[in-house]
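Below are the chains, spelled out letter by letter.
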Amino acid sequence: MRLPAMRNARVVLPLAAALGLAGCGAGTALAGVHDAPAQVTNQAPISPEAAQQIVERVITKVDEADRARPEVAKDLRAEAFTGAALAVAKASDQIGEPAAAPNPVSRTEAPKVLAMSRGTGWPRLIVAQTTAGDGGSVLNLLFSPDARTPFRLSASATMHPGASVSALDSLTKGSPVVTEGAGLAKAPKDLLAEYAASLAFPKPAKADDVDGSDQFTVGVRANAAAQAKSFGKLATLTQKHEVQPDQTLAIQLRGGGALVFALLERTDTITLKKGGKSLTPSAEFQRLVRKKTLTKSAELKSYETVVLTVPERGKAAVVAADEVLFSAKGA
Amino acid sequence: MPVLASVPVVAKRAVLVALTAVGLVLLVLGLWFTAHLGLSGTATFTTKPASGSIAVLEPSVLNRVDQPVTVTARAAQGTQLWAGLASPSDAAAVVGDAAHTSVTSAHVNSWSLTGKRAGTAEALVATHADIWHATKSGTGTVRVTVHQSDAPESLVIANADGTPAALSSLTLTVQHSTWVFQSLLCALVGLLAVAAGIGGFWQLRRRPTTGGGARPDSARDAEEVAA
């Protein structure tokens, strides 16, 4: 009787094992156990609600930093600002008074998240709109360079009256970060260099790819011309604008084009001519350079935060801009 | 068994052995699952992560069911614990090369969680980073319920200051009431199969054969009468 039993076992055991294994697979499916879903990598990395909370937190910190006493303001600024916005915020320390740029976060309404960068990579961007105390709209760019560093305000500029920004992708979908300039009329780096050269005084270069009819561009050119005219034969004025390449960040608009945030450094150089013995600058300038008269030259440095919309084809336009003086020297 | 009347006895026995064996397995499994899952259908998996490392529970243990999963981490009394949920790539980026224990699988046979140690750096978890979908803190114990709406997610557990926590236990529980019925059904089916198998053997025993078992019952009866 042992032999048949052994024969049975040789047939039954593999059968039972096969059934068992098959049963395990079927069992997990029946029990509702499945593989973990794959991570989606072509959408916004955080929810719109989370982005809104982040923006509100950053804006609140910026408010605190702006209102803080000088001895604590430095630390608060380091927590709230980065990049161009930090440079602009520090300008108030360097010239010994609050920055001339409109406070981007003095607002009357809750900030509105306009766009968020797409994908799981870094850096990540959030574009938000705030309303200034005077009712003007302010475009804010929040930046996080890596997973360990929280978002901070990277750039902020007041929108020109009547200016508009084309639609961005939904907050759920996210908007790609523009790094090179593919699909744009011109790469942001080249475009900004062209724009900066077109602002130079007294010899501006021609800017074929930037529409220079906006309030800021017209104002910068007009002010330089008026100032030079006021100096008459006593002094000359030269004005140079330099792009700070590390501070240029861009995010793609829906359907093509990009929204570009950039920082320019403007240098105004006033040189007395031989015929001019001395120059009495304005009261503000006197306070900044701590001199009542200039006998040789003066140099003023300012930050210009500009936001441009760059289409797929056609001319870019400056939609928001602010400037703040951060250095003044005279002799 | 009219259908099996023409089947050789050896084959009948093989079928009955298989039926009884499968039934027995199902019965034991069903009872075993019922005993562990309880009437609420709660599966509990436990481990003790290596001391001095950050614990990271991967989607392969958090997001394999459609039900919420609750993770409870315990440490010495008074320890300030912190837990944060993030997408897997963000969690990996924030933990980086820091020494951590990555919990990657749950085993039903031992009701335990298993994982592997990775990283060597003495880095802190950036608890203030903007990657966390949700965070929770607790003293001595921190409990996080992972809903599956944002799956896949990873759960990072550390001390409140971001340093590695000395966890005494890490427990993952999933409640699925259907599992109770499935376990009981499994046991019932197993019981029926065992009963059918034993019943079949009983019937074969009552009709002994001369071996081979190829002859029809009518012929066997005639032979027995002649003897």
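**Examining the overall build of chain B**
When helices and strands are counted, chain B shows 5 helices and 10 strands. Counting over 227 residues, chain B shows a buried share of 37%. Long-range pairs, those at least 24 residues apart, make up 85% of the contacts in chain B between residues at least 6 apart in sequence.

**Concerning the environment of G162(A)**
Topologically, G162(A) is positioned in the loop between β4 (152–158) and β5 (177–178). Between the C-alpha atoms of G162(A) and V319(A), which are 157 residues apart in sequence, the distance is 8.9 Å.

**Some details on the packing of helix α2 (residues 48–67) of chain A against helix α3 (residues 70–80) of chain A**
Residues and elements named next belong to chain A. For the pair α2 and α3, the least separation of the axes is 8 Å and the interaxial angle reads 160°. When the axes of α2 and α3 are compared, the pair comes out roughly antiparallel. As for the relative orientation of α2 and α3, their crossing is left-handed in sense. Contact residues: V58, K61, V62, E64 and A65 in α2; A73, L76, R77, E79 and A80 in α3. Per-class residue counts for the contact of α2 with α3 are 6 nonpolar, no polar and 4 charged.

**What to know about helix α4 (residues 177–206) of chain B**
With 30 residues, α4(B) should cover 44 Å at 1.5 Å per step; its first-to-last C-alpha distance of 44 Å lies within 8% of that length. Looking only at α4(B), the buried set comprises W179(B), Q182(B), S183(B), C186(B), G190(B), A193(B), V194(B) and G197(B).

**Quick notes on the interface of chain B and chain A**
Each partner contributes to the interface: chain B provides 29 residues, whereas chain A provides 24 residues. Among the elements of the structure, α1 (9–37), α2 (59–62), α3 (88–95) and α4 of chain B are those that each provide at least two residues to the side of chain B that touches chain A. It is α1(B) that provides the largest number of residues to the side of chain B that touches chain A, a total of 7 residues. Per-class residue counts for the side of chain B that touches chain A are 17 nonpolar, 7 polar and 5 charged.

**Side note on the pairing of strand β3 (residues 69–75) of chain B**
Residue and element names in this part refer to chain B. Only one face of β3 is covered, namely the face carrying V69, V71, A73 and A75; the face carrying T70, T72 and R74 is uncovered. With 6 bridges joining them, β3 and strand β8 (residues 141–146) adopt antiparallel strand pairing. Along β8, the bridge assignment pairs R74 with T141. Across 7 bridges, the pairing between β3 and strand β10 (residues 167–175) is antiparallel. The residue bridging A73 from the neighbouring strand is L170, located in β10.

**A short note on helix α6 (residues 215–231) of chain A**
Residue and element names in this part refer to chain A. Its 17 residues place the ends of α6 24 Å apart at the C-alpha level, agreeing with the 24 Å of an ideal helix rising 1.5 Å per residue. Of the residues making up α6, those classed as buried are F216, T217, V220 and A224. Buried residues of α6, viewed axially, fall in a sector of 110°; they line one side. With respect to the buried face of α6, the exposed residues turned more than 90 degrees away are V218, G219, A222, A226, K229 and S230. Tucked into the core, α6 has its buried residues touching β7 (235–243) and β11 (316–330). Residue G232 follows α6 closely and has a positive phi angle near 60°.

**Describing the sheet that holds strand β2 (residues 124–131) of chain A**
Residue and element names in this part refer to chain A. One open sheet holds the 4 strands; their spatial order is β1-β2-β3-β4, and the pairing between them is antiparallel. Of all the strands in the sheet, just β1 (112–116) and β4 have a single pairing partner and so form its edges. On average, adjacent strands in this sheet sit at an angle of 25° to one another, irrespective of strand direction. Relative to β4, strand β3 (residues 137–144) runs antiparallel, the two sharing 6 bridges. Residue L142 lies in a different strand from β4, and its bridge partner there is L153.

**Brief notes about the pairing of β3(A)**
Burial analysis of β3(A) places 7 of its 8 residues in the buried class, which makes it a mostly covered element. Between β2(A) and β3(A), which pair antiparallel one after the other, the connecting turn spans 5 residues, and G135(A) there sits at a positive phi close to 95°.

**Brief notes about unusual backbone geometry**
Backbone torsion omega between W122(A) and P123(A) reads 0°, so that peptide bond is classified as cis. Position of P123(A) among the secondary structure elements: in the loop between β1 and β2.

**Quick notes on the environment of R152(A)**
Residue and element names in this part refer to chain A. Residue position: R152 is located in strand β4. Given 22 C-beta atoms within 10 Å, R152 falls into the buried group. Along the sequence, R152 and L125 sit 27 residues apart, while their C-alpha atoms lie 9.6 Å from each other. Each residue touching R152, except ones within four places of it in the same chain, is listed here: V58, A80, F81, T82, L142 and F143.

**A few points about the packing of α1(B) against α4(B)**
Residue and element names in this part refer to chain B. Interhelical geometry of α1 versus α4 gives an angle of 150° and a closest axis separation of 7 Å. Compared by their axis directions, α1 and α4 come out roughly antiparallel. Relative to α4, the crossing made by α1 is left-handed. Grouping the amino acids of the contact of α1 with α4 by side-chain chemistry returns 25 nonpolar, 8 polar and 2 charged.

**Focus on the confidence of the model for chain B**
Residue and element names in this part refer to chain B. Model confidence for chain B is summarised by a mean pLDDT of 87, while 88% of its residues fall at 70 or above. The secondary structure element of chain B with the lowest average pLDDT is helix α5 (residues 217–226), at 45, and the one with the highest is β8, at 97. Within the model, the stretch residues 211–227 combines pLDDT values under 50 with 8 contacts to residues more than four positions away or in other chains. Here the complex is predicted with pTM 0.82, and the ipTM for its interfaces comes to 0.79.

What counts and what doesn't
- Residues numbered from 1 in each chain as written.
- Chains lettered and ligands numbered in written order.
- Predicted model: local features only at pLDDT ≥ 70, side-chain atom pairs only at ≥ 80, totals over all residues.
- Helix = DSSP H or I, 4+ residues; strand = E, 2+ residues; numbered from the N terminus.
- Buried ≥ 20, exposed ≤ 12 C-beta atoms within 10 Å, placed from the backbone.
- Contact = placed C-beta atoms within 7 Å.
- Axes fitted to C-alpha atoms, helices over the stretch in contact; angles between N-to-C directions.
- Parallel < 35°, antiparallel > 145°, perpendicular 65-115°, else oblique.
- Left-handed = near helix turned anticlockwise from the far one by under 90°.
- Nonpolar A, V, L, I, M, F, W, Y, C, P; charged D, E, K, R; others polar.
- Expected span 1.5 Å × (residues − 1).
- Pairing = 2+ DSSP bridges.
- Arc of directions from axis to C-beta.
- pLDDT = per-residue confidence, 0-100.

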